[in-house]
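Notes for the structure review
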Amino acid sequence: MVTWAQQVLFIFICVILVSFPSTCSADDNNAPLPYGDLFTKEEGHFFGPDFIVAYNSIDADECARRCLQGYGSYDSVNPPCLSFNHRPAGSPEGGSARCWLHSSNADTAVLSSEWDNWPHRNYYQRKAHLSYEELFTKEEGHFFGDNPDFIVAYNDIDAEECARRCLKGYGSYDGVNPPCLSFNHRPAGSPEGDSARCWLRSSNKDKAASPGSEWNKWPHRNYYQKKGYAHHHASSLQGAIDRLNEVHAAHPHLEQLCVFAKCTYEQVTHLLPNLHEVNSYWSDLACYKYSRSCRVDGQWSEWGPWSDCSVGCGQGSNVRRRNCSDPAPRNGGWRCAGKPVEIKECTQNKKCSSGSMYATRMLY
Ligand SMILES: *[C@@H]1O[C@H](CO)[C@@H](O)[C@H](O)[C@H]1NC(C)=O
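Presented here is a report on the structure given in the accompanying data block. Everything numeric here is computed off the predicted structure, so don't read it as measured data.

The subject of this paragraph is the overall build of the protein. Scanning the protein for helices and strands turns up seven helices and 12 strands. Burial status across the protein gives 29% buried among its 364 residues. When contacts within the protein are restricted to residue pairs at least 6 apart in sequence, long-range pairs at least 24 apart make up 72% of them.

Take a look at the structure:
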């Protein structure tokens, strides 16, 4: 059954999707993800450094899937896979197919000396790797320190990985902790100390009463704030995160694709079973990543006072009302369930001696 609210959600999503490269049509195609859309291919190249793990006897599509999914020894301590090499089965070089995953790509790494020496291996590089600058603002020389919203800290990771862990809700994050809204990062080799360090926080500068007395005291630490969160109800953000986590538990590669990289609406239509789930996912993703159009479900206000009895004499009624306004539904959120009006019977006999047996007041 398609409810009114679902229809509105769908129409709304069709409107916001104008800003995305996609069409808003039903697509029941359950074809596997077209990995060719996600990776560029260069033939006869082998990318040596930043090796994560290798597999035998799988084809390039499965190798791509493992790269996206963070497969095998990848255990969320390892960095994400940004590229892979693949040697097809039956090449002159050897019998079996082989797949190598890598944590960097040809754009970011100093090229390996092996690059031109392997005519039968092909190099695949992930397209459109997420740029964390799109999702976080950066302020140099600030530390969002002595406040109660500290979640967890890590050593020896760069700002991008720190951003990834903030987005992911990493480490001690267990779905009970609040989401990470900002982080601090000290790059490696700063005058302050040797190693890089990353601190995740559950609040941000806009929300905190004050950034903390340490704010100006750390010239080598930088502050990164998730864009746009100040404008949203924490509950609508948390709702989006909860729903996304549920989807990601069933479809882990969606997280790799859509949270840690950029996915298109069309790709999501290949991975989720129906349009309702696709639209709901897309809307939650827009809320979570870009702080756009967070869904707010309606909630009732308190009941107003009961009205006086509707009659002066005999059987009448009292009425009280409430509004779906605390908050009102927005962006396809559900309308309040239940009735806005409550009525109960009342009996009046005070004015019966005046002669009128009829209602003297209308129900309003
Ligand atoms: C409901 O909204 C109306 C119109 O804004 C207002 O007059 C009324 O007091 C509200 N009632 C409650 C119970 O909040």
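The rest of the description comes next.
On to the sheet that holds strand β9 (residues 197-201), then. Across the sheet, which stays open at both edges, the five strands sit in the order β6-β10-β8-β9-β7 with antiparallel pairing between neighbours. The outermost strands of the open sheet, each flanked by one partner alone, are β6 (136-140) and β7 (150-155). Between one strand and the next, the sheet's axes are offset by a mean angle of 20 degrees, whatever the strand orientation. Taken together, the five bridges between β7 and β9 define a ladder with antiparallel strand orientation. Among the inter-strand pairings, Y154 is bridged to a residue of β9, identified as C198.

Okay, the environment of P329 next. Of note, P329 is situated in the loop between β11 (314-321) and β12 (341-348). Here the alpha-carbon distance between P329 and D297, two residues 32 residues apart in the chain, equals 4.8 Å. Sequence-distant contacts of P329, that is, excluding residues within four places in its chain, are made with V296, D297, G298, C324, W334 and R335.

In this section: the sheet that holds strand β2 (residues 51-56). Pairing within the open sheet is antiparallel, and its five strands lie in the order β1-β5-β3-β4-β2. Of all strands in the sheet, those bounded by a partner on one side alone are β1 (39-43) and β2. Averaged over all neighbouring strand pairs, the angle between strand axes comes to 20 degrees, with direction disregarded. One ladder, built from four bridges, connects strand β3 (residues 83-87) with strand β5 (residues 122-126); its direction is antiparallel. Bridged to S83 within β5 is Q125.

Within the structure, the ligand sits among S301, G304, R321, R322 and N323. Here the shell around the ligand is composed, by residue class, of no nonpolar, three polar and two charged.

As for its position among the elements, I58 is in the loop between β2 and α2 (60-69). Residue classification places I58 among the partly exposed positions, given that 17 C-beta atoms sit within 10 Å. Once the C-alpha coordinates of I58 and R87 are considered, the two residues, 29 residues apart in sequence, prove to be 9.4 Å apart. Once residues lying within four places of it in the same chain are set aside, the contact partners of I58 are C63, A97 and C99.

The next subject is the pairing of strand β4 (residues 98-102). Walk down a regular strand and you will see the side chains alternate between the two sheet faces. The buried count for β4 comes to five of five residues, which makes it a mostly enclosed element. Side-chain alternation along β4 places R98, W100 and H102 on one buried face and C99 and L101 on a second face that is also buried. As paired strands, β2 and β4 are joined by five bridges and run antiparallel to one another. Residue pairing in the sheet places Y55 in a bridge with C99 of β4. Summarising the sheet, β3 and β4 pair through five bridges and their orientation is antiparallel. Following the sheet pairing, S83 is matched in β4 by H102.

A separate point is the nonpolar core. Counting 19 residues, the largest nonpolar core has A240, C258, V268, Y281, W282, L285 and C287 as the members making the most contacts within it. In terms of residues, this core owes the most to one element, helix α7 (residues 275-290), which gives seven residues.

With that out of the way, let us pick up unusual backbone geometry. In this structure, P327 follows D326 across a cis peptide bond, with omega equal to 0 degrees. Along the polypeptide, P327 turns up in the loop between β11 and β12. Backbone geometry at S57 places phi at a positive 60 degrees, although glycine is not the residue there. Looking at where S57 falls in the secondary structure, it is placed in the loop between β2 and α2.

Here is what the cut-offs are and how they apply
- Residues numbered from 1 in each chain as written.
- Predicted model: local features only at pLDDT ≥ 70, side-chain atom pairs only at ≥ 80, totals over all residues.
- Helix = DSSP H or I, 4+ residues; strand = E, 2+ residues; numbered from the N terminus.
- Buried ≥ 20, exposed ≤ 12 C-beta atoms within 10 Å, placed from the backbone.
- Contact = placed C-beta atoms within 7 Å.
- Pairing = 2+ DSSP bridges.
- Axes fitted to C-alpha atoms, helices over the stretch in contact; angles between N-to-C directions.
- Near = placed C-beta within 6 Å.
- Nonpolar A, V, L, I, M, F, W, Y, C, P; charged D, E, K, R; others polar.
- Core = buried A, V, L, I, M, F, W, Y, C linked by C-beta atoms within 7 Å.

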